[in-house]
Amino acid sequence: MTCSIIIRAFNEEAHIGKLLNGIKQQETGTDLEVILVDSGSKDNTVRIAESYGAKIVRIRPEEFSFGRALNIGCQQASGDILLFASAHVYPVYTNWIDQMLKPFGDQKVALTYGRQIGNQLSKYSEQQLFAKWFPAVSNYNQQIPFCNNANTAIRRSLWEELPYDETLTGLEDLHWASEILQRGYRIAYDADATIVHVHEETPRKIFNRYYREAIAFKRLKPMAQFGLWDFAYLSVSNLISDYVTAAQERVLWQHIAEIPVFRILQFWGTYQGYRFVGTLDRTLRERFYYPNEVFRREKPVSQEPVVMKQIAYE
């Protein structure tokens with residue numbers, strides 16, 4: 001079995017080196033290749049990736065969608081298994097890749113995804129989401145179409161039959177998972193394939209993330225509803241839950257102002273995304289995927305118990 005690791009990146013010089021260093025420290029006998037799909041980085045992202053021997057694939061910012069970037073990376077890959085990692089994640093243990101590949105011993109497994117946790121930079125509410133979405137117990141026969149392409153692997157043969165939907169504004173991973181379940185394949189979750197997912201998001205980026213995901217979900221589930229009552233109820237109930245948990249953990253005062261900002265923008269973005277009608281024009285695409293400065297006109301320049309060895313990062 002061979003494995004291609006595909007990383008989507010845009011201006012990730014602060015994080016990409018940590019991911020690539022973590023890949024370098026993996027203790028695996030699997031043949032690996034690393035492919036970076038860069039969508040117009042202006043910083044040192046590409047240079048750092050090249051220094052680790054990654055294959056660079058470039059796409060123009062205006063051509064980007066999450067599904068398109070993945071499909072382009074998959075087209076350039078040679079591995080039997082395609083492993084997707086966000087550029088702002090890094091593995092915790094040296095057996096991360098082996099744990100991601102382990103479920104594929106069952107020929108009915110089409111997709112496996114691993115656990116995600118936060119670090120000291122993560123918003124408190126997002127850490128609560130990680131704990132809910134990525135529990136500490138593995139499940140090699142998951143019955144719901146959930147995964148997350150920040151830490152997911154699929155069979156290349158099945159991707160060739162079913163490429164990612166390039167028109168979705170998000171949730172291309174859930175759409176693929178749903179389709180594969182309907183074809184009789186399995187989804188496996190491995191809680192020992194752990195990565196740290198770092199989201200250093202401004203309030204605007206939090207809103208945009210949930211806005212575009214809601215647009216995608218509404219397209220996938222046209223009958224789904226999310227009204228003002230849902231916004232109010234979910235904002236308040238999750239805010240209270242976070243406050244109670246933070247108080248129990250004795251970190252309430254550290255996060256007392258941050259929690260309502262995240263939760264209100266999470267559900268306000270969801271509400272506005274459900275209200276969206278029409279198609280994405282260029283302006284909306286740029287707003288969803290890139291910071292404003294990218295499109296400014298530039299001046300001419302000059303399951304079994306697993307023994308896990310933790311990776312040491314400087």
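Scroll up to find the structure this text is about.
Along each chain, residues carry numbers from 1 onward, in the same order as the chain's sequence is written. In keeping with the model being predicted, local features are shown solely for residues with a pLDDT of at least 70 and side-chain atom pairs are shown and tallied solely at 80 or more, while totals for entire chains, interfaces and linings include all residues. The basis for every side-chain value is the complete set of heavy atoms in the structure, and neither hydrogens nor water enter the calculation.

### Observations regarding the overall build of the chain
- Helix numbering and strand numbering both begin at the N terminus, where a helix is a DSSP run of H or I of at least 4 residues and a strand a DSSP run of E of at least 2. Secondary structure summary: the chain contains twelve helices and nine strands in total.
- Evaluated residue by residue, the chain yields a buried proportion of 55% over its 314 residues. Only protein chains enter the area calculation, which uses a 1.4 Å probe; residues under 20% of their type maximum are buried, those over 50% are exposed, and those in between are partly exposed.

### Observations regarding the packing of aromatic side chains
- For this analysis, a ring pair means two rings from Phe, Tyr or Trp (six-membered ring only for Trp) whose centres lie within 6.5 Å, classed as stacked if their planes differ by under 30 degrees, edge-to-face if by over 60, and tilted for the remaining angles. Considering all chains together, one arrives at 16 aromatic pairs under this definition.
- Note on Tyr 113 and Phe 146: the rings are 5.7 Å apart at their centroids and 75° apart in plane angle, and the pair reads as edge-to-face. Residue Tyr 113 is located in strand β6 (residues 109-117), and its partner Phe 146 is located in the loop between β7 (139-142) and β8 (151-155); the two are separated by 33 residues in the primary sequence. In this structure, Tyr 113 and Phe 146 share a single accessibility class: buried.
- Site record: aromatic cluster; members linked through ring pairs are Tyr 113, Phe 130, Trp 133, Phe 134, Phe 146 and Tyr 189.

### With respect to helix α9 (residues 228-248)
- Each residue after the first adds 1.5 Å to the expected span of a helix. Taking 1.5 Å of rise per residue, 21 residues should cover 30 Å, and α9 covers 30 Å from first to last C-alpha, within 8% of that figure.
- Restricting attention to buried positions, one finds in α9 the residues Phe 231, Ser 235, Asn 238, Leu 239, Asp 242, Thr 245 and Ala 246. Relative to the axis of α9, the buried residues are bounded by an arc of 135° and lie together on one face. Along α9, exposed side chains directed more than 90 degrees from the buried face belong to Trp 229 and Gln 248.
- When checking whether two residues touch, look at their non-hydrogen atoms; a contact exists if any pair is within 4.5 Å. On its buried side, α9 packs onto α5 (124-133), α10 (252-255) and α11 (258-275).
- Among the residues trailing α9, Arg 250 stands out with phi positive, at a value near 60°. In this description, one arc is meant: the one made by directions from the helix axis to the C-beta atoms.

### Structural notes on the pairing of strand β9 (residues 186-197)
- Of all the twelve residues making up β9, eleven are buried; the element is thus mostly covered by neighbouring parts of the structure.
- The criterion for strand pairing is that DSSP finds at least two bridges linking the strands in question. Bridge analysis of β6 against β9 gives seven bridges, and the strand direction is parallel. Residue pairing across strands places Gly 114 opposite Asp 190, the latter belonging to β9.
- Where β7 lies against β9, two bridges are found, and the strand directions are antiparallel. Its bridge partner lying in β9, Asn 139 is registered against Tyr 189.

### Focus on the pattern of salt bridges
- A side-chain nitrogen of Lys or Arg and a carboxyl oxygen of Asp or Glu constitute a salt bridge if their distance falls within 4 Å. Per the stated rule, a full pass over the model turns up eleven salt bridges.
- For Arg 60, the salt bridge is made with Glu 63, and the minimal N-O distance between the two is 2.8 Å.
- With a closest N to O distance of 2.7 Å, Asp 106 and Arg 186 form a salt bridge. Residue Asp 106 is found in the loop between α4 (96-101) and β6, and its partner Arg 186 is found in strand β9; the two are separated by 80 residues along the sequence.
- Members of the salt-bridge network, linked through shared partners, are Arg 60, Glu 62 and Glu 63.

### Here's the deal with the nonpolar core
- Core analysis: the largest hydrophobic core is formed by 32 residues, its most contacted members being Ile 6, Leu 82, Phe 84, Leu 111, Tyr 113, Ile 154 and Trp 176.
- Those elements giving two or more residues to this core turn out to be β2 (31-38), α3 (66-76), β4 (81-86), β6, α6 (156-161), α7 (172-182) and β9.
- Buried Ala, Val, Leu, Ile, Met, Phe, Trp, Tyr and Cys residues form a nonpolar core when they are joined through side-chain atoms within 4.5 Å. Counting residues in hydrophobic clusters, the runner-up holds 31 residues, among them Ile 7, Ile 81, Leu 83 and Ala 87.

### Describing a nonpolar patch on the surface
- A cluster of nonpolar side chains, Leu 228, Ile 264 and Trp 268, forms an exposed patch at the surface whose accessible area comes to about 270 Å².
- Positionally, Ile 264 belongs in helix α11. For patch detection, residues must exceed 30% relative accessible area and be free of salt bridges, and they are connected within 9 Å for like charges or within 5 Å for nonpolar side chains (Val, Leu, Ile, Met, Phe, Trp, Tyr). Each accessible area value is a Shrake-Rupley result obtained with a 1.4 Å probe; residue values ignore everything except the protein chains displayed when judging cover.

### A short note on the pairing of β2
- Here eight bridges tie strand β1 (residues 2-9) to β2, and the two strands are oriented parallel to one another. Bridged to Cys 3 within β2 is Leu 32.
- Looking at chain direction, β2 and strand β3 (residues 55-58) are connected through four bridges and run parallel. The residue bridging Leu 36 from the neighbouring strand is Ile 56, located in β3.
- If you view a crossover with the strands going away from you and the path from the first strand over the helix to the second runs clockwise, you call it right-handed. In terms of handedness, the path from β2 via helix α2 (residues 45-51) over to β3 forms a crossover that is right-handed.

### Looking at unusual backbone geometry
- Although it is not a glycine, Asn 11 adopts a positive phi angle of roughly 50°.
- When you line up the elements, Asn 11 lands in the loop between β1 and α1 (16-24).
- The class of Asn 11 is partly exposed, set by a relative accessible area of 31%.

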